[in-house]
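Examining the three-dimensional arrangement
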Amino acid sequence: MEAPPDNDVLWARALHFQHQDGSPALQGVSLGVREGEILAVSGPRGSGKTTLLRCLSGLVRPQDGEVWFNSVPVHTMGPLSRERLRRDRFGWIDPTPVLVPELNAWENAALPLMLRGTGRRRAKTAALEWLDRLDVGDKARQRPRDLQQSERQRVCIARALAVAPAVLFADEPTAPLHRADRAQVLRTLTTAARSHGITVVLATHEAQTAGLADRSVALLDGRRVRTVHLPPLAETTVATGATGASGTEGRAACSLSA
């Protein structure tokens with residue numbers, strides 16, 4: 001196996017994954033994520049973004065290829081080791097809020113901390129801090145059934161941030177939010193990640209969301225899309241001997257990685 005670069009907290013090589021019906025989800029995707037970086041994985045629905053995040057986080061094992069976290073081969077770990085890794089080092093935000101219905105908002109946000117062994121008082125303090133930062137601190141004692149869907153999603157984001165994960169995987173994290181709320185929540189998430197040194201891998205199909213990241217990679221049909229900048233049209237036509245061209249606007253094309 002080829003060791004990953006030292007400056008990449010996450011590194012993946014030639015990932016392949018197929019759905020149960022045999023359709024390809026990932027077809028040879030490779031990438032590296034630097035420590036403290038916010039990386040956006042963009043692309044239309046069905047392009048493989050969620051599957052890539054699931055492979056990188058150890059939720060599923062790729063059918064071929066390698067995934068490394070801090071020079072540890074995640075792809076060779078057994079289910080229990082991957083589960084411990086996700087519990088102790090990773091955070092996850094789903095596109096739809098999933099909370100424990102019997103617990104109130106602050107208890108849901110504090111649950112991963114308490115599962116790690118953090119005392120109840122300390123876990124509650126951390127949970128309340130993040131609920132306040134996400135503008136749902138006044139809902140801390142309410143059960144999920146008494147919250148709006150957008151409020152439940154804010155609780156889920158607070159839960160993911162409260163544990164200060166090494167890597168936060170966010171799969172369309174603002175999908176349930178109203179458009180007016182998305183920018184504020186994303187600013188809170190990205191600002192918190194930078195101030196706490198959290199690496200973020202963010203899946204999105206929205207260009208505005210991807211624009212908040214440090215870097216973006218695009219997927220299409222399970223492959224990375226590489227942008228190739230072409231010379232202005234006028235230069236191209238002159239070089240080929242064509243006549244009558246007057247355009248000078250730059251052009252771009254894209255190609256899929258192997």
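Preceding block: the structure.
Reference entry: report on the structure contained in this document. Note that the coordinates shown come from a computational prediction; the quantities given were computed from them, not determined experimentally.

What follows concerns the packing of aromatic side chains. Tallying each qualifying case throughout the model produces three aromatic pairs. Judged by centre distance (5.0 Å) and plane angle (80°), the ring pair of Phe69 and Phe90 falls under edge-to-face. Linking Phe69 in strand E4 (residues 64-69) with Phe90 in strand E6 (residues 90-93), this pair joins segments that are 21 residues apart in sequence. Residue class for Phe69 comes out buried when judged on its relative accessible area of 4%.

This paragraph deals with the pairing of strand E2 (residues 24-34). In this sheet, E2 lies alongside strand E1 (residues 8-18) in antiparallel orientation, the contact comprising eight bridges. Bridge pairing links Phe17 to Leu26 in E2. Where E1 folds back on E2, the antiparallel hairpin that results is connected by five residues, among which Gly22 adopts a positive phi of roughly 95°.

This paragraph deals with a negative patch on the surface. A surface patch of like charges, here negative, comprises Glu129, Asp132, Asp135 and Asp138. Summarising the element assignment, Asp135 is placed in the loop between helix H4 (120-133) and helix H5 (149-162).

Moving on, we come to the layout of surface pockets. The calculated volume of the largest pocket comes to roughly 630 Å³. Taken together, 27 residues line the largest pocket, and the ones lying closest to its centre are Arg86, Phe90, Trp92, Pro112 and Arg159. At the level of elements, helix H2 (79-89), E6, helix H3 (105-115) and H5 are the ones that each hand at least two residues to the lining of the largest pocket. Considering every element that reaches the lining of the largest pocket, the biggest residue donor is H2, with five residues.

Turning to the side chain of Thr209, a few remarks are in order. Within the secondary structure, Thr209 sits in helix H7 (residues 207-210). Given the relative accessible area of 5%, Thr209 is considered buried. Non-local contacts of Thr209, meaning those with residues more than four positions away in its chain, are made with Leu186, Leu202 and Thr204.

So, about the packing of H3 against H5. Axis separation between H3 and H5 bottoms out at 8 Å; the angle between their running directions is 30°. The angle between the axes of H3 and H5 places the two elements in the roughly parallel class. Crossing handedness for the pair H3 and H5: right-handed. Residue-level inspection shows Ala105, Asn108, Ala109, Pro112 and Leu113 of H3 in contact with H5, the latter providing Val155, Ala158, Arg159 and Ala162.

Right, let's talk about H4 for a bit. With 14 residues, H4 extends 20 Å from end C-alpha to end C-alpha; this agrees with the ideal 20 Å at 1.5 Å per step. Here H4 has its buried residues at Ala123, Ala126, Ala127, Trp130 and Leu131. With its buried residues spanning 135° around the axis, H4 presents them on a single face. Exposed side chains of H4 directed beyond 90 degrees from the buried face belong to Arg121, Arg122, Thr125 and Asp132. Residues of H4 that are buried sit in contact with H3, H5 and helix H6 (179-196). Of the residues trailing H4, Asp135 is marked for its positive phi of about 65°.

Conventions used here
Residues numbered from 1 in each chain as written. Predicted model: local features only at pLDDT ≥ 70, side-chain atom pairs only at ≥ 80, totals over all residues. Heavy atoms only, no water. Phe/Tyr/Trp six-rings, centres within 6.5 Å; stacked < 30°, edge-to-face > 60°. Helix = DSSP H or I, 4+ residues; strand = E, 2+ residues; numbered from the N terminus. Buried < 20%, exposed > 50% of the residue type's maximum accessible area, 1.4 Å probe, protein only. Pairing = 2+ DSSP bridges. Patch = residues over 30% accessible without salt bridge, like charges linked within 9 Å, V, L, I, M, F, W, Y side chains within 5 Å. Areas by Shrake-Rupley, 256 points an atom, 1.4 Å probe, with all protein chains shown as cover. Salt bridge = Lys/Arg side-chain N within 4 Å of Asp/Glu carboxyl O. Lys, Arg positive; Asp, Glu negative; His and termini not counted. Charge placed at Lys NZ, Arg CZ, Asp CG, Glu CD. 1 Å grid on protein atoms, 1.4 Å probe; cavity = no way out; pocket = protein on both sides within 12 Å on 5 of 7 lines; lining within 4 Å. Points joined across faces, edges and corners; volume = space filled by probe spheres on them. Contact = heavy atoms within 4.5 Å. Axes fitted to C-alpha atoms, helices over the stretch in contact; angles between N-to-C directions. Parallel < 35°, antiparallel > 145°, perpendicular 65-115°, else oblique. Left-handed = near helix turned anticlockwise from the far one by under 90°. Expected span 1.5 Å × (residues − 1). Arc of directions from axis to C-beta.

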